[in-house]
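Coordinate inspection notes
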Amino acid sequence: MLPAVWWAVSLLASSARGESSPSASNFNLDPFTALAGKGINSDSLNGLSLSLRSRDGCYCSLACDTLTSVFGSDSVSTPGQETYDSALSRFWSQQQALETKPACFFYPADAEEVAIAILLARASECPFNAKGGGHTAFKGASNSNGAITIDFIRMKKVVPSADRKSVAVGPGNTWLDVYGTLDSFNLTMVGGRTATVGVSGLTLGGGISFFSGQYGWTCDNVISYEVVLASGEILNVDSNTNTDLFWALRGGGGNFGIVTQFVFNTFEQGPMWGGFLAWEMHSSKAALMDAMINYAEKGSIEDPKAALIVSFGYVQAYQMWVSSVIVDHSEPQPSGSHPEVFNDFFKVENGFQDTTRTTSHSNLTIEVAAPSPAGLRESYWTITTRLDKQLSSDILAIFQEEFDPISNATGLLPALVYQIITIPQMEAMTRNGGNSLGIGGGKEPLLLINLAVMWTLESDDKPVLTALQNVVSRTRELAQRRGLDHPFIYMNYASQFQDPLGSYGAGNKARLLDISRKYDPKGVFERLNPGYFKFDGAPKAW
């Protein structure tokens, strides 16, 4: 941090830390006054103030210039710079890397610098977004077009506690960063299953883990958050302090502030077992549906150390549909053997792939990430239903019907992914006041469906998105007719045309809105931070 701004940042820190609740006086403070009081004075800021008070518009370029003057050129990059292009390349999807161009990237080192960036955004009326891992598929989800993108590439600490019971994690980490550190301590945590996914987005949207049968979702295993509010205040949020915000952050996304540190529970974990199994689809799908239903109804309850993902997809290079499962278990297994809970899957004949083995948590997440490389066009959609074998089979048929006609689209890889939200998972969601997802304490397993499609050319967007929307609408209608529909929309799998917050139930959504108005009474994160899922829902059609 530059000495010239140390006084300003120290002032901000001393006024913000230790607050047990947001201060009304700070929200009422004009952002120019707040910045001036923190020593952020420059010709750019003065010009910005005059222009905005004349209602001349939005001044993102001046906001970026001010960030540069305050924090130095190493902390900001703009179009034409190598660091700017490098920052764009770290996004997973084409839509975010190639179609979303911020006025500048800002690389804060700590929460105090994030607070100043938010105040500058407010002063300039310049929209902003925050990037952790950058793994969301759709345009503008964690990147700002023509505005400020706060990139947490410098905030990547992973620090286990001395008692080995927790770990402090910065918002710029991917899950491989976290597990790579914890593996060396024979520790792990309830986090994401894909190495390249970011910690921040997955945690704030819920987060499914290999260990969710034992401990719940990732959000259920957060001990505390450090959060920067729109006022510039920095709060500590846990089950005893700012408890309403603690509940809201467990599934409510980034609608309340920017999280600059997570502290998670950890537990002892050495090598574990897992890998992929694969078959030609038409000869295996019936047996796999039976095995999945049996796992959901019995296996997941009898052995919560197990985790399962079932997928069906079209492999263009071989012009064939394939079935695959990812099976994982927290206990290591002797070579050539597998946990009893997965017996039904190993009985399915004519498999052509089996990578199961005992290895590290990190290695399993690397394997899961391999089929989803960066640099392609991506779209995720989701729907949840009650568990039913015939419905699962019919949804697969719908998926094939919609994607077979466009199977020659360049680079197309469509996948229909089934996961079980198990009874043990939902029981664990009720701890520490519960989360905001609206499914905690459920008494029957649910089928969580993820439609995950990648392709190469922008010219194929319309047929691909049409097929995806058709699958979702046809599935919803079919489930409703059979009395098997469920409202839950998982934020981390949702498309920009879906409304996860509205699916949490009217009571939960109303409570989330109230909490948002308490901690962000001027609606800064609704108005100036527009990229991800908001309370006003989604577009009716793409």
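No experiment lies behind these values; they were computed from the predicted model shown.

Picture the strands of a sheet paired through backbone hydrogen bonds; they go either parallel or antiparallel. Reading across from one edge, β5-β6-β10-β8-β9 is the order of the 5 strands in this open sheet, with antiparallel pairing throughout. The open sheet has two free edges, formed respectively by β5 (158-160) and β9 (234-238), since each of these has just one partner strand. Going from strand to strand, the sheet's axes swing by 15 degrees on average, the running direction of each strand aside. Where strand β8 (residues 222-228) and strand β10 (residues 258-265) come together, 6 bridges link them in antiparallel fashion. Considered in β10, the bridge of Tyr225 is made with Phe262. Helix α8 (residues 111-124) contacts β8, β9 and β10 of the sheet and is inclined by roughly 45 degrees relative to β8. Across the sheet, helix α9 (residues 175-183) touches β5, β6 (166-169) and β10, and the angle it forms with β5 is around 35 degrees.

What follows concerns α8. Under the 1.5 Å per step criterion, the end-to-end length of α8 is 20 Å for 14 residues, consistent within 8% with the ideal 20 Å. Among the 14 residues in α8, 14 count as buried, and that is most of the element. The N-terminus of α8 is capped by Asp110, whose side-chain oxygen sits 3.3 Å from the backbone nitrogen of Glu112. Glu125, located one to two residues past α8, shows a positive phi value of around 55 degrees.

Their axes nearest at 9 Å, the elements helix α13 (residues 281-302) and helix α16 (residues 389-403) cross at an angle of 145 degrees. Here the hand of the crossing between α13 and α16 comes out right-handed. Residues Met281, His282, Lys285, Ala286, Met289, Asp290, Met292 and Ile293 of α13 touch α16, and the partners they reach there are Lys389, Ser392, Ser393, Leu396 and Gln400. Across the contact of α13 with α16, the residue classes tally to 6 nonpolar, 4 polar and 3 charged.

By the criterion of burial, β9 is predominantly enclosed, with 4 of the 5 residues buried. In terms of strand pairing, β8 meets β9 through 5 bridges, oriented antiparallel. The residue bridging Val228 from the neighbouring strand is Ile234, located in β9.

A few words on the packing of α9 against helix α15 (residues 361-369). Taken N-terminus to C-terminus, the directions of α9 and α15 make an angle of 155 degrees; their axes are 8 Å apart at the nearest point. The orientation of α9 with respect to α15, classified from their angle, is roughly antiparallel. The way α9 lies across α15 gives a crossing that is left-handed. When α9 is examined against α15, the residues Leu176, Tyr179, Gly180 and Asp183 are found in contact with a partner set consisting of His361, Ser362, Thr365 and Ile366.

Thresholds, definitions, all that
- Residues numbered from 1 in each chain as written.
- Predicted model: local features only at pLDDT ≥ 70, side-chain atom pairs only at ≥ 80, totals over all residues.
- Heavy atoms only, no water.
- Pairing = 2+ DSSP bridges.
- Helix = DSSP H or I, 4+ residues; strand = E, 2+ residues; numbered from the N terminus.
- Axes fitted to C-alpha atoms, helices over the stretch in contact; angles between N-to-C directions.
- Contact = heavy atoms within 4.5 Å.
- Expected span 1.5 Å × (residues − 1).
- Buried < 20%, exposed > 50% of the residue type's maximum accessible area, 1.4 Å probe, protein only.
- Polar contact = N/O pair within 3.5 Å; in protein donor to acceptor, adjacent residues only side chain to side chain.
- Left-handed = near helix turned anticlockwise from the far one by under 90°.
- Nonpolar A, V, L, I, M, F, W, Y, C, P; charged D, E, K, R; others polar.
- Parallel < 35°, antiparallel > 145°, perpendicular 65-115°, else oblique.

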